[in-house]
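Chain residues, written in single-letter form:
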Amino acid sequence: MRDATTGGPPDPAVLDLPFAVGEAASGPLTWAQSVMWDAMQWFGKEANQFNIGQPLVLAEPVGQARLLASLRGLVEAHQTLRTRYVARSGQPRQEVHASGRYDVDVADGHDDPARVAGELAGRLAETAFDHEAEWPLRVGCVVDGERRVTAVALVGSHLAFDGWAFNTFVDLLRAGLSGDSEQPASPAGVEPSADAGVPQALEQAAFEGSPAGQQQSRLGLRHWEQGLSTAPASMFDLPRAATGDQPIERHLLDSAAVAAAAAALAARTRTSFSTVLLCLTTLVLTAYNGHDTAVLKLITGNRLDRRSRDLIALNTLDALLAFTVPRDVDLFTAIRQTHRPAFDAYRRAQCDPRAVATVVEETGRRRGVSFDLSTYFNNGHRGNDWAVTGPEPGPDRLAELRRESRYTRLDPLPRSDMKFMVAASNGGAGVCRLGLLVDTTYLPGALGETIVRGIETLLCDAVAEEVGVAEIPGRIGLAPAVRGADWVRTPAGWVRPADVAELVREAAGGVEVAVLAAGPAPGTGLTAYVADASAVPEELHRRVLALLPGRTGVAAPDGYVACAAAPPAGAGPDAWRGVPVVARGPGRPA
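A quick note: this is a predicted structure, and the numbers were derived from the prediction, not measured. One numbering rule holds for all chains: residues counted from 1, following each sequence as written. Local features in this predicted model are restricted to residues of pLDDT 70 or higher, and side-chain atom pairs are both shown and tallied only at a pLDDT of 80 or more, whereas totals for entire chains, interfaces and linings draw on every residue. The basis for every side-chain value is the complete set of non-hydrogen atoms in the structure, without hydrogens or water.

Enquirer: Could you clarify how one ought to interpret the overall build of the protein in this entry?
Expert: Working definition: helices are DSSP H or I runs of at least four residues, strands are E runs of at least two. Numbering for both runs from the N terminus. Counting secondary structure elements, the protein contains 16 helices and 21 strands. Referenced to the eigenvectors of the C-alpha coordinate spread, the extents of the protein come out at roughly 95 × 60 × 45 Å. Only protein chains enter the accessibility calculation, which uses a 1.4 Å probe; a residue whose area is less than 20% of its type maximum is buried, one above 50% is exposed, and one in between is partly exposed. Across the 590 residues of the protein, 52% fall into the buried class. A contact between two residues is defined here by any heavy atoms of the two lying within 4.5 Å. Put simply, 76% of the contacts in the protein that link residues at least 6 apart link residues at least 24 apart. We get accessible surface area from the Shrake-Rupley algorithm with a probe of 1.4 Å; when it comes to residues, only the shown protein chains can shield them. Total accessible area computed for the protein in this model is approximately 25,600 Å², and 51% of it derives from carbon and sulfur atoms.

Take a look at the structure:
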């Protein structure tokens, strides 16, 4: 059978891309890969939501051989593109192959290569990667009537790529498909590394295990321990709302107004785009949940040197930001006060995530809490994406840009390891793509749209006039969460004593329990009275701690009192203070 277009034999639906280079190698995962490995194991088949996809439309068509040569050069140069991620003896590892082959899907796109490439990228991204059986990159191409490549569809696994690495890979491929050179070039604006070698993920893993890497980790762990020593246990110690089976909402706002206003505020405050957006995120969230201290994980790349900037591999880790939110100030002051804590958090992000988990658990046990660190901020744009290059936009210009903003609600999800995340990325043409994920169990109704649009409103308002932090709820129509009189504020955050009593009752085997606050003042402690003369406070506390994970609005009591019996029925909660005491014990270390 011959191709009716060219008169030659038909092109295959899949191109064969073999590669062979160097020697095979293997090693442990990097710290960043370890974090993503755990997340992907938790999500299972739903890990397809982590896939990073992009259609690349070429300025000029190229031959299929040119595409294969450019891809082969990149695969052979960068270990990530020929790595399988496997579990060996219960431990994940990365195995770099010296040879193998890729399949490149081929699709006809005579009339609309951009549309076909987008559809092809969507199909390639539909399923989660099987990291033991496939490479962490899926590739397709779109061809015209002369069988030349007009567009490329690329989908990468988040275990192998972060946004920076994927964009760098796309830049390298674009450069390899343009100009006269048959060799892949460096990304636009980036010179090749000074040394002859290309930075590799196995080298990063080796550094992390070295004395220098371990010292870096210790500094980061100290930052985590200090931040968690006074932080609330959760940003979501709130009354829960009833939800369906898809409680995770996702909102997008493509806004040139956000980009222009945030860049202008960064210039005025001498901070950064990231600081401005992070400040607004914390102010809006804490205006809703009634907290004085914000606790967030900052998704951090820290590509601060030439090697890390050229590294095509996942390089993001979670930084901890825990700081007191300014209230009786204007927004400019709040932005400036956010800058240093954010800088310190980013600076200390590079540390062993397994050791971080230990610090989180041990600090929580000392404080009688189980930390719920499910609030995230991700500044995913490159540093100069929205640098101010002209006059600062005035109110009229910002109003014009806001009219062009596009709001989208994506399909909801059944579950997520995040309850709240704000993310910024470059949407092109001066547009900031502002993403928001919310768990409607804790932020119900229309709160998601209110928040994402409210951030845009506050940014634009602040360019034109002074905005007080206390004004935020009223300016964006945000009604703060309402807690009943049965909630009290403790050092662990907001707690509902009735829920704590139920927790202690479960730990004590179902006996009568009352949990009483020491006083009405904020930051008060809680004491659990247990109607069981045989109860051992220390053992009861250990059982309570074991039941805490996954619960919000609860904490272990500060003390336990084992009583001979419960007070008479109808005597009221305070009567517990007068019953005979068999034993007392603290809920915290001495």
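We are not done yet, so read on.
Enquirer: Just checking my understanding: could you explain empty space enclosed by the protein for this structure?
Expert: Any empty space left between atoms is shown by rolling a water-sized probe over those atoms. A 1.4 Å probe that fits but cannot get out identifies a cavity on a 1 Å grid over protein atoms alone, an open set with protein on both sides within 12 Å along at least five of seven lines counts as a pocket, and a residue lines either if it has an atom within 4 Å of a point. Grid points are joined across faces, edges and corners, and a volume is the space filled by probe spheres set on the points. Following the criterion strictly, the structure yields three cavities of 30 Å³ or more and no others. Taken as a whole, the largest cavity encloses approximately 80 Å³ of empty space. Lining the largest cavity are 13 residues; nearest its centre among them are Ala233, Ser234, Thr552, Gly553 and Val554. Three residue categories are used. Nonpolar comprises Ala, Val, Leu, Ile, Met, Phe, Trp, Tyr, Cys and Pro, charged comprises Asp, Glu, Lys and Arg, and polar comprises the others, including Gly. Residues that form the lining of the largest cavity fall into these classes: six nonpolar, five polar and two charged. Roughly 40 Å³ of internal volume is contained in the second largest cavity. Pro232, Ala233, Ser234, Met235, Val295, Asp372, Leu373, Ser374 and Thr375 are the residues that line the second largest cavity. Split into classes, the residues belonging to the lining of the second largest cavity amount to five nonpolar, three polar and one charged.

Enquirer: Where do I start with the packing of aromatic side chains in this structure?
Expert: Note on aromatic pairs: each is described by the distance of the centres and the angle between the planes. When two rings of Phe, Tyr or Trp (its six-membered ring) have centres within 6.5 Å they constitute a pair, described as stacked for plane angles under 30 degrees, edge-to-face for angles over 60, and tilted for the intermediate range. Scanning the model with the defined rule gives nine aromatic pairs in all. Measuring from centroid to centroid gives 6.5 Å for Phe166 and Phe169, while their planes differ by 45 degrees, and the two rings are tilted. Here Phe166 and its partner Phe169 are both found in helix α4 (residues 163-176), three residues apart, which amounts to about one turn of the helix. The two residues Phe166 and Phe169 agree in class, both being buried. Pairwise contacts between aromatic rings join Phe19, Tyr102 and Trp135 into one cluster.

Enquirer: What's the story with the sheet that holds strand β5 (residues 91-96) in this structure? I'm lost.
Expert: Strand pairing within a sheet occurs via backbone hydrogen bonds; the two strands may be parallel or antiparallel. Two strands qualify as a pair provided DSSP detects at least 2 bridges between them. Taken together, the three strands give an open sheet; going across it, the order is β2-β5-β4, and neighbouring strands pair in antiparallel fashion. Across the chains shown, the open sheet's two edge strands, defined by having one partner strand only, are β2 (25-28) and β4 (83-88). Taking the axes of each pair of neighbouring strands and ignoring which way they run, one obtains an average angle of 30 degrees across the sheet. Summarising the sheet, β2 and β5 pair through four bridges and their orientation is antiparallel. Bridged to Gly27 within β5 is Gln94. Between N-to-C directions, angles span 0 to 180 degrees; the directions come from axes that are lines fitted to C-alpha atoms, helices contributing only their stretch in contact.

Enquirer: Explain the packing of helix α7 (residues 256-269) against helix α12 (residues 395-403) here, please?
Expert: A pair of packed helices can be characterised by two numbers: the angle between their axes and the separation between those axes. Here α7 crosses α12 at 150 degrees, and the two axes come no closer than 7 Å. Facing Ala256, Ala257, Ala260 and Ala261 of α7, the residues of α12 in contact are Leu398, Leu401 and Arg402. Looking at the contact of α7 with α12 residue by residue, the class counts come to six nonpolar, no polar and one charged.

Enquirer: How should I be thinking about the confidence of the model for the protein in this particular structure?
Expert: As a general rule, the predicted coordinates of low-pLDDT regions are not to be interpreted in detail. Known as pLDDT, the predictor's per-residue confidence is scaled from 0 to 100. Summary statistics for the protein give a mean pLDDT of 92 and a share of 93% for residues scoring 70 or more. The least confident element of the protein, judged by mean pLDDT, is helix α9 (residues 306-310) at 87; the most confident is strand β8 (residues 149-156) at 98. The model gives residues 1-9 a pLDDT under 50, and that stretch makes 13 contacts with residues more than four places away or in other chains.

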